[in-house]
Amino acid sequence: MDEDTFKITQDLLASKGQRFLHHIIDSIPQYGFMYALSYGFFYLGEFTGNYQLNDYWNNMSEIEDLIISYLFMFMYYFLMEKYTSKTLGKYATNTMVISIDGREPTTKQLVQRSFSRWIPFDALSFLGTNGRGWHDSIANCYVVKADKFNEKKNAIIELEQIGQIGEDA
């Protein structure tokens, strides 16, 4: 598929409502993981009689808490989008991340995208007029409706293959 052939049109883009739902759904595993660690450290202390890890976890400074939270947020988004082009929120709404040329995002784009989520108020930036968040613009990506995107992409690929029939023989 040629870069010039495929253009992302407005009808392919995820809606603002879907983007907001992504944020809500994707927050759940992040908070769940932090709570699971808290309870895990507590029960580990109960089991071993050593509460040092639990005490450290509960007495972390705000900076340490932010560092751990942001690192986990980075890992969640990067790993999910790297291996599936989706997060749990995108699975729920049948949307996916793509590069501006319609291809799968590169590792560099996904790193930029994941780090860009650390910008204050980034989660609300997609509410602007074009429906793209800062983490989308910085990384040159879009979030699209997976069914419509794949349908359009397959139609273009089929058209390109029409001229190639018989060339392989």
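Here, the structure is the one placed above.
My aim in this report is to walk through the structure given alongside it, one point at a time. (Residues numbered from 1 in each chain as written. Predicted model: local features only at pLDDT ≥ 70, side-chain atom pairs only at ≥ 80, totals over all residues. Heavy atoms only, no water.)

## Some remarks on the layout of surface pockets
No. 1: The space that makes up the largest pocket amounts to roughly 560 Å³.
No. 2: Elements with a contribution of two residues or more to the lining of the largest pocket: helix H1 (16–48) and helix H3 (62–84).
No. 3: Among the elements that make up the lining of the largest pocket, the one with the highest residue count is H1 (8 residues).
No. 4: Here the residues of the lining of the largest pocket sort into 13 nonpolar, 6 polar and 6 charged. (1 Å grid on protein atoms, 1.4 Å probe; cavity = no way out; pocket = protein on both sides within 12 Å on 5 of 7 lines; lining within 4 Å. Points joined across faces, edges and corners; volume = space filled by probe spheres on them. Helix = DSSP H or I, 4+ residues; strand = E, 2+ residues; numbered from the N terminus. Nonpolar A, V, L, I, M, F, W, Y, C, P; charged D, E, K, R; others polar.)

## A look at the pairing of strand S2 (residues 141–145)
No. 1: S2 sits mainly inside the fold: 4 of its 5 residues count as buried.
No. 2: As judged from the 5 bridges shared by strand S1 (residues 95–99) and S2, these two strands associate in the antiparallel manner. Bridge pairing links Met 96 to Val 144 in S2. (Buried < 20%, exposed > 50% of the residue type's maximum accessible area, 1.4 Å probe, protein only. Pairing = 2+ DSSP bridges.)

## A short note on the packing of H3 against helix H5 (residues 107–116)
No. 1: Relative orientation of the contacting elements H3 and H5 amounts to 150°, with a least axis distance of 9 Å. Relative to H5, the element H3 is oriented roughly antiparallel. In this structure, the crossing between H3 and H5 has a hand that is right-handed. Every residue of H5 that contacts H3 at Phe 74, Tyr 77, Phe 78, Glu 81 and Lys 82 is listed here: Thr 107, Leu 110, Val 111, Arg 113, Ser 114 and Phe 115.
No. 2: Classifying every residue of the contact of H3 with H5 by side-chain character gives 6 nonpolar, 2 polar and 3 charged. (Axes fitted to C-alpha atoms, helices over the stretch in contact; angles between N-to-C directions. Parallel < 35°, antiparallel > 145°, perpendicular 65-115°, else oblique. Left-handed = near helix turned anticlockwise from the far one by under 90°. Contact = heavy atoms within 4.5 Å.)

## So, the nonpolar core
No. 1: The biggest cluster of nonpolar side chains holds 11 residues, and these are Phe 6, Ile 8, Leu 12, Leu 13, Met 96, Ile 98, Tyr 142, Val 144, Ala 146, Phe 149 and Ile 156.
No. 2: The set of elements that each furnish at least two residues to this core consists of S1, S2 and helix H7 (146–162).
No. 3: Per-element accounting of this core gives the leading share, 3 residues, to H7.
No. 4: If sequence neighbours within four positions are ignored, Leu 12 has contacts with Phe 6, Lys 7, Val 143, Val 144, Lys 145, Lys 148, Phe 149 and Lys 152. (Core = buried A, V, L, I, M, F, W, Y, C linked by side-chain atoms within 4.5 Å.)

## So, a nonpolar patch on the surface
No. 1: A surface patch of nonpolar side chains, about 850 Å² in accessible area, is lined by Phe 20, Leu 21, Ile 24, Ile 119, Phe 121, Leu 124, Leu 127, Trp 134 and Ile 138.
No. 2: Counting residues per element, the ones that place at least two in the nonpolar patch are H1 and helix H6 (134–139).
No. 3: Ranked by the residues each element gives to the nonpolar patch, the list is headed by H1, at 3 residues.
No. 4: Residue position: Leu 124 is located in the loop between H5 and H6.
No. 5: Note on Leu 124: relative accessible area 46%, which makes it partly exposed. (Patch = residues over 30% accessible without salt bridge, like charges linked within 9 Å, V, L, I, M, F, W, Y side chains within 5 Å. Areas by Shrake-Rupley, 256 points an atom, 1.4 Å probe, with all protein chains shown as cover. Salt bridge = Lys/Arg side-chain N within 4 Å of Asp/Glu carboxyl O.)

## Observations regarding H5
No. 1: Turning to H5, its buried residues number three or more, namely Gln 109, Leu 110, Arg 113, Ser 114 and Ser 116. Taken around the axis of H5, the buried residues stretch over an arc of 165°, which confines them to a single face.
No. 2: Those residues of H5 that are buried lie in contact with H3, helix H4 (88–93), S1, H6 and S2. (Arc of directions from axis to C-beta.)

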